[in-house]
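Residue strings, one per chain:
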Amino acid sequence: MTSTTPSAVDDNKGQHWGAALEGIKDALRLPAWVVAAALIGVGPLAQAVGHPIGAAMASTVFVWAGPAQVLFYGGLGSGMAYPALAFVIGLSSMRFLPMTMTIMQMLRRPNQSILTQFAIAHFVTVTVWAECLRRLPDMRVDDRIPYFFGFGVTCLVLSTFSTAFGFVLAGAVPIHFAAGLLFLTPVFFTCSISAGARDLPDWLAIGMGAVLEPLALHFAGPEFDLLVTGLVGGTVAFMIKMNRRTRVGTVG
Amino acid sequence: MIEMLAPYALMLVVAAVPTGIWRAGAVVLSRSISSQSLVFEWVRFVATALLAGVVAKLLANPSGALALAPDWGRLGAVVAAFAAFLAFRRSVFAGVLTGETILILSVYFTQP
């Protein structure tokens, strides 16, 4: 303890584990249970098309995107052609591009290997994104990656088990609880993105996204509605933010 | 043996790859952009609006058991959740609990 160098290194290590533990704890407070509950529904779908329980669990580990998994097993069930199904799933997962980019901006470090970055990117999912977006900026840069992995791995592991749970359970839940499970995702996202909103442009992006979606669905169709919603709503909010910043800049 | 592996291979090719492409693409794109760049700020707004759109879509076109909830139940539950979230000093937990309670009750009392 008297020599400074080793203890400094140890402290550093301890802090990394501490940050990872914080990530695990924060995930278990609510978000991991929400993702896990959302992925319960994938189990029965996989069971319905005759796939084994292991494949359902593997889909949570490797796809790690609820809507894509639901589309996959739902699409197989309705007899969709594989290329068409892959295309629709690709479109539905486009949201990961902007989300992963925001996460990368906060987590990348000089000389970080691209493999580490791919590993980080794999854990990005809407819940992880929304929660980390508001928690990471206040955190020390060195703590962010262990925190992120602690958070992400906890969500993924819990969800893999919940997918298996859903597979075994397959439709044995009373209907109002089944509805409640499906409602968890939208209600959690509503609160989670609102918790991350800091100023007027943030609220505008949220409000416009909600209002524009039905319009976009009508004019752009069910494949491209979310893309149009995000681009239009997000760009308008961004321009308002830039405009305010310039004005503040000129006055100040 | 091959037949046993088919569901796994299909899942990887048809679902995991089309999803992973965007995550990997984001990594590659991010590497060539400075982290101070305004591009990231724009992208964050796009992602936020897109996510709000996802919520609107899930509520307006519900699937499975959620479709059994009346329109007022889904809308009322999400509005109440937001109100509770604000009332309890931005508590996500309070919001989710309130919304869930109202939604589950709305299904319980409208379904025979």
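Because the structure is a prediction, the values reported are computed rather than measured.

### Comments concerning the overall build of chain B
Thinking step 1. Counting its secondary structure elements, chain B contains 4 helices and 0 strands.
Thinking step 2. What you see in chain B, going N to C, is helices and strands ordered as α-α-α-α.
Thinking step 3. The globule rule puts the C-alpha radius of gyration for 112 residues at 13 Å, and the 20 Å found for chain B is more than 25% above it.
Thinking step 4. Structurally, chain B occupies a C-alpha span of about 50 × 50 × 20 Å along its principal axes.
Thinking step 5. Burial statistics for chain B: of 112 residues in total, 46% are counted as buried.
Thinking step 6. Of the contacts made within chain B by residues no fewer than 6 positions apart, 38% connect residues no fewer than 24 positions apart.

### A look at helix 2 (residues 31-40) of chain A
Thinking step 1. The buried fraction of helix 2 of chain A amounts to 9 of the 10 residues, a majority that puts the element mostly inside the structure.
Thinking step 2. By the burial criterion, the buried members of helix 2 of chain A are A:Pro31, A:Ala32, A:Val34, A:Val35, A:Ala36, A:Ala37, A:Ala38, A:Leu39 and A:Ile40.

### So, the domain arrangement of chain A
Residues and elements named next belong to chain A.
Thinking step 1. Domain parsing of chain A yields domain 1 (4-196) and domain 2 (198-252).
Thinking step 2. One C-alpha centre belongs to domain 1, the other to domain 2; they are set 25 Å apart.
Thinking step 3. In this complex, domain 1 contributes 6 residues to the contact, which on the side of domain 2 involves 4 residues.
Thinking step 4. The set of elements that each furnish at least two residues to the side of domain 1 that touches domain 2 consists of helix 6 (82-92) and helix 11 (175-196).
Thinking step 5. In the side of domain 1 that touches domain 2, the residues fall into 4 nonpolar, 1 polar and 1 charged.

### Observations regarding the environment of B:Leu12
Thinking step 1. Tracing the chain through its elements places B:Leu12 in helix 1 (residues 2-31).
Thinking step 2. Under the C-beta neighbour-count criterion, B:Leu12 is labelled partly exposed, with 16 such atoms within 10 Å.
Thinking step 3. Note: C-alpha distance between B:Leu12 and B:Arg90 (78 residues apart in sequence) is 39 Å.
Thinking step 4. Excluding its chain neighbours within four sequence positions, the residues that come into contact with B:Leu12 are A:Phe62 and B:Val17.

### Focus on the domain arrangement of chain B
Thinking step 1. The assigned domain composition of chain B is domain 1 (1-32), domain 2 (34-61) and domain 3 (63-112).
Thinking step 2. The straight-line distance from the C-alpha centre of domain 1 of chain B to that of domain 2 of chain B is 23 Å.

### Looking at the interface of chain A and chain B
Thinking step 1. Taken together, the contacts link 76 residues of chain A with 62 residues of chain B.
Thinking step 2. If you list the elements that add at least two residues to the side of chain A that touches chain B, you get helix 4 (53-62), helix 5 (66-77), helix 6, helix 7 (96-107), helix 8 (114-122), helix 9 (126-135), helix 11 and helix 12 (200-251) of chain A.
Thinking step 3. For the side of chain A that touches chain B, the class distribution of residues is 50 nonpolar, 22 polar and 4 charged.

### Some details on unusual backbone geometry
Thinking step 1. We note that A:Asn111 has phi near 65 degrees; this positive angle belongs to a residue other than glycine.
Thinking step 2. Here A:Asn111 lies in the loop between helix 7 and helix 8.
Thinking step 3. If you check the backbone angles, B:Arg89 has positive phi at about 45 degrees while not being a glycine.
Thinking step 4. Relative to the elements of secondary structure, B:Arg89 occurs in the loop between helix 3 (71-87) and helix 4 (92-110).
Thinking step 5. For B:Arg89, a count of 7 C-beta atoms within 10 Å puts it in the exposed group.

Conventions we followed
Residues numbered from 1 in each chain as written. Chains lettered and ligands numbered in written order. Predicted model: local features only at pLDDT ≥ 70, side-chain atom pairs only at ≥ 80, totals over all residues. Helix = DSSP H or I, 4+ residues; strand = E, 2+ residues; numbered from the N terminus. Rg over C-alpha atoms; globule rule 2.2 N^0.38 Å. Buried ≥ 20, exposed ≤ 12 C-beta atoms within 10 Å, placed from the backbone. Contact = placed C-beta atoms within 7 Å. Domains from an automatic or database assignment. Nonpolar A, V, L, I, M, F, W, Y, C, P; charged D, E, K, R; others polar.

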